[in-house]
Amino acid sequence: MTGPRLAWIAADDARMQDVHALRHKVLFAPFGLPRDDSWDDAGADRLHLVAMHDAGDGAEPGDESAAELVGYLSLLLEAEGMGHVRQVSVREDRQGAGIGRALMAEAEAEARRRGLAAVWLHARITAEAFYHRLGYVTTSDGTFPSGRTGMPHVRMEKRLTAG
């Protein structure tokens with residue numbers, strides 16, 4: 001099996017409908033929360049990265065109409081020279097296949113291309129070890145409830161440049 005194809009897409013890209021469904025299924029449905037697509041996805045400071053996997057069954061490699069969305073993250077560009085990673089979502093049946101790692105590596109590469117000094121995120125405590133393996137450091141003094149789920153999170157950061 002080959003790795004996912006990653007693509008930065010615009011907020012008005014048709015694939016964002018699949019992103020809404022994935023975000024809900026992975027991040028909110030397990031808590032019984034209703035679907036809410038009213039995220040503020042538009043704006044030049046909001047970048048959207050999708051991971052696609054060819055559906056197979058005779059599909060031509062790279063044929064977007066036959067590709068399935070398997071992962072997503074959002075990168076917010078902040079005025080302080082920081083990038084804020086949000087909504088990291090990998091389809092449940094593809095977790096553990098390197099998709100989250102690939103998404104994070106590309107988000108960090110994009111942040112570097114844009115001259116950002118660091119990337120930060122709020123991680124569910126269940127994902128803290130994953131981000132530690134990617135070089136992130138926990139910067140909060142403890143856990144705090146975050147987002148619609150109220151689950152315990154920690155703030156994590158990774159420096160991208162010296163200093």
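Residues numbered from 1 in each chain as written. Predicted model: local features only at pLDDT ≥ 70, side-chain atom pairs only at ≥ 80, totals over all residues. Heavy atoms only, no water.

Regarding the pattern of salt bridges
What the rule picks out here adds up to 13 salt bridges. With a closest N to O distance of 2.9 Å, Asp37 and Arg35 form a salt bridge. Asp37 gets classed as partly exposed once you look at its relative accessible area, which sits at 33%. Ionic pairing is found between Lys158 and Glu108, a salt bridge with its closest N-O pair at 2.9 Å. Taken as a pair, Lys158 in strand S8 (residues 151-159) and Glu108 in helix H2 (residues 99-113) lie far apart in primary sequence, 50 residues in all. Since its relative accessible area comes to 16%, Lys158 is described here as buried. The exposure class of Glu108 is buried, given its relative accessible area of 6%. Within this structure, Glu106, Glu110, Arg113 and Arg114 form a network of salt bridges that share partners. (Salt bridge = Lys/Arg side-chain N within 4 Å of Asp/Glu carboxyl O. Buried < 20%, exposed > 50% of the residue type's maximum accessible area, 1.4 Å probe, protein only. Helix = DSSP H or I, 4+ residues; strand = E, 2+ residues; numbered from the N terminus.)

Some thoughts on the environment of Ala10
With respect to the element layout, Ala10 can be found in the loop between strand S1 (5-9) and helix H1 (16-28). Linking Ala10 and Glu108, residues 98 residues apart in sequence, is a C-alpha distance of 18 Å. The contacts of Ala10, once residues within four sequence positions are left out, are Met16 and His48. (Contact = heavy atoms within 4.5 Å.)

Regarding empty space enclosed by the protein
Enumeration according to the criterion identifies one cavity of 30 Å³ or more in this entry. Of the voids in this model, the largest cavity is the one considered here, and its volume is about 40 Å³. Where the lining of the largest cavity is concerned, the elements lending two or more residues are strand S2 (46-54), strand S3 (67-78) and strand S4 (82-90). For the lining of the largest cavity, the residue count by class is two nonpolar, three polar and four charged. (1 Å grid on protein atoms, 1.4 Å probe; cavity = no way out; pocket = protein on both sides within 12 Å on 5 of 7 lines; lining within 4 Å. Points joined across faces, edges and corners; volume = space filled by probe spheres on them. Nonpolar A, V, L, I, M, F, W, Y, C, P; charged D, E, K, R; others polar.)

Looking at the packing of aromatic side chains
Enumeration over the complete set of coordinates arrives at two aromatic pairs. Sitting over the face of the ring of Phe28, Arg148 holds its NZ or CZ atom 4.7 Å from the ring centroid. (Phe/Tyr/Trp six-rings, centres within 6.5 Å; stacked < 30°, edge-to-face > 60°. Lys NZ or Arg CZ within 6 Å of the ring centre and 35° of its normal.)

A word on the side chain of Ser89
Mapped onto the elements, Ser89 comes out in strand S4. A polar side-chain atom of Ser89 sits 2.9 Å from the main-chain carbonyl oxygen of Gln87. Among all residues touching Ser89, those that are not within four sequence positions of it are Leu22, Arg23, Val26, Leu27, Val70, Gly71, Tyr72 and Leu103. (Polar contact = N/O pair within 3.5 Å; in protein donor to acceptor, adjacent residues only side chain to side chain.)

Brief notes about the layout of surface pockets
Roughly 950 Å³ of volume is contained in the largest pocket. Taken together, 31 residues form the lining of the largest pocket, with Leu27, Val88, Arg124, Ala127 and Tyr131 sitting closest to its centre. Broken down by secondary-structure element, the contributors of at least two residues to the lining of the largest pocket are H1, S4, H2, strand S5 (118-124) and helix H3 (128-133). Per element, the largest residue contribution to the lining of the largest pocket is seven residues, and it comes from S4.

Re the confidence of the model for the protein
Predicted confidence across the protein gives a mean pLDDT of 90, with 91% of residues reaching 70 or more. The secondary structure element of the protein with the lowest average pLDDT is strand S7 (residues 144-146), at 91, and the one with the highest is strand S6 (residues 137-138), at 98. (pLDDT = per-residue confidence, 0-100.)

Notes on the nonpolar core
Met104, Leu121, Tyr131 and Tyr136 are the most contacted members of the largest nonpolar core, which totals 24 residues. Among the elements of the structure, S2, S3, S4, H2, S5 and S8 are those that each provide at least two residues to this core. Examining the composition of this core, we find that five residues originate from one element, H2, more than from any other. Look past the residues within four positions of Met104 in its chain and what remains in contact with it is Leu73, Val85, Val88, Leu121, Phe130, Tyr131, Leu134 and Tyr136. (Core = buried A, V, L, I, M, F, W, Y, C linked by side-chain atoms within 4.5 Å.)

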